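A structural walkthrough
What follows is the residue order along each chain.
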Amino acid sequence: MIDVALLGIIRRWYIRDRISIREISRRLDISRNTVRRYIRSGAIEPSYPSRQSSSAQDEFAPRLSAWLSAEAVKSRKQRRTLKQMFLDLREREYEGAYDRVAASGGNGRWVKWRGSILQANQQAIMTLKQMEAFYWAATCANFAIAAQRINVSLSSLSKRINELEQSLDVVLFDRSGHRATLTGAGQGLMPQALALLDSVAAIRNSFTPTAGLRGRCHFGIGELSTLTRLAGFVA
């Protein structure tokens, strides 16, 4: 006679967890032949239909889900507690128990919602760092050189470009070759990226301590330094 509970354990260990017959035999204190018999058995583990009965929360589930999504992006101090949401539902003639509301908004699910919402918001926002990474990758035609130019790791630069592509829902670079070649969308973005970076540079320069200094600068330099260092400095 096949023990269905034992059958499920043995098959899970052997098929999913890749545990040897010897180890299963040792853990369950049964013979190896018995383990083999369970593995080869044609018995099917029982399956149960999902619960179909209605719940008092079903009518209010969309509203509660919307509330949880809205609260997830707020700071801890601004966020409503599950108890407050439960009281708000009661004012709307919700007759279920608080435990049902707490189960729907438990910490695990709350964190999952908050993480997915924040991730979606971050992907939807273009940042200056992403645009800078795109500009230098396009200018240098090489991701590694561009990463050195803006003093970041290659993985960080690739991540910024990938996030920019996701936020715009386009592919900016053709990565099939050794060079970073712009696609049509990338060529269209390049003038706008240059204009944006120029505007940011102008804003920064207007607020630097030397922003008001203008005119010609004269300086003296020795002959030896002229031959060895001046060319590189001017370049």
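Quick look at the structure, then. (Residues numbered from 1 in each chain as written. Predicted model: local features only at pLDDT ≥ 70, side-chain atom pairs only at ≥ 80, totals over all residues. Heavy atoms only, no water.)

Some remarks on a nonpolar patch on the surface
- Nonpolar side chains collect at one region of the surface, where Met126, Leu168 and Val170 lie side by side and expose about 220 Å² of accessible area between them.
- Relative to the elements of secondary structure, Leu168 occurs in helix α10 (residues 154-168). (Patch = residues over 30% accessible without salt bridge, like charges linked within 9 Å, V, L, I, M, F, W, Y side chains within 5 Å. Areas by Shrake-Rupley, 256 points an atom, 1.4 Å probe, with all protein chains shown as cover. Salt bridge = Lys/Arg side-chain N within 4 Å of Asp/Glu carboxyl O. Helix = DSSP H or I, 4+ residues; strand = E, 2+ residues; numbered from the N terminus.)

Side note on the pattern of salt bridges
- A complete count under the given rule lists one salt bridge for this structure.
- Among the ionic pairs, Arg26 bridges to Glu23, the shortest N-O distance being 2.5 Å. Linking Arg26 with Glu23, this pair stays in helix α2 (residues 21-28), spanning three residues, or about one helical turn.
- The exposure class of Arg26 is exposed, given its relative accessible area of 57%.
- With a relative accessible area of 22%, Glu23 lands in the partly exposed category. (Buried < 20%, exposed > 50% of the residue type's maximum accessible area, 1.4 Å probe, protein only.)

Re unusual backbone geometry
- A positive phi angle is found at Asn151, which is not glycine, with a value near 60 degrees.
- Tracing the backbone shows Asn151 in the loop between α9 (143-149) and α10.
- Backbone geometry places Asp169, a non-glycine residue, at a positive phi of 60 degrees.
- Residue placement: Asp169 occurs in the loop between α10 and β1 (173-174).
- Taking the relative accessible area as the measure of exposure, Asp169 reaches 68% and is therefore exposed.

What to know about the nonpolar core
- Residues Phe134, Phe143, Leu157, Ile161 and Phe173 are the most contacted members of the largest nonpolar core, which totals 22 residues.
- Secondary structure elements with two or more residues in this core: α8 (128-140), α9, α10 and α11 (184-206).
- The biggest single contributor to this core is α8, with seven residues.
- Residue contacts for Leu157: discarding those within four places in its chain leaves Ala133, Phe143, Ala146, Ala147, Ile150 and Val152. (Core = buried A, V, L, I, M, F, W, Y, C linked by side-chain atoms within 4.5 Å. Contact = heavy atoms within 4.5 Å.)

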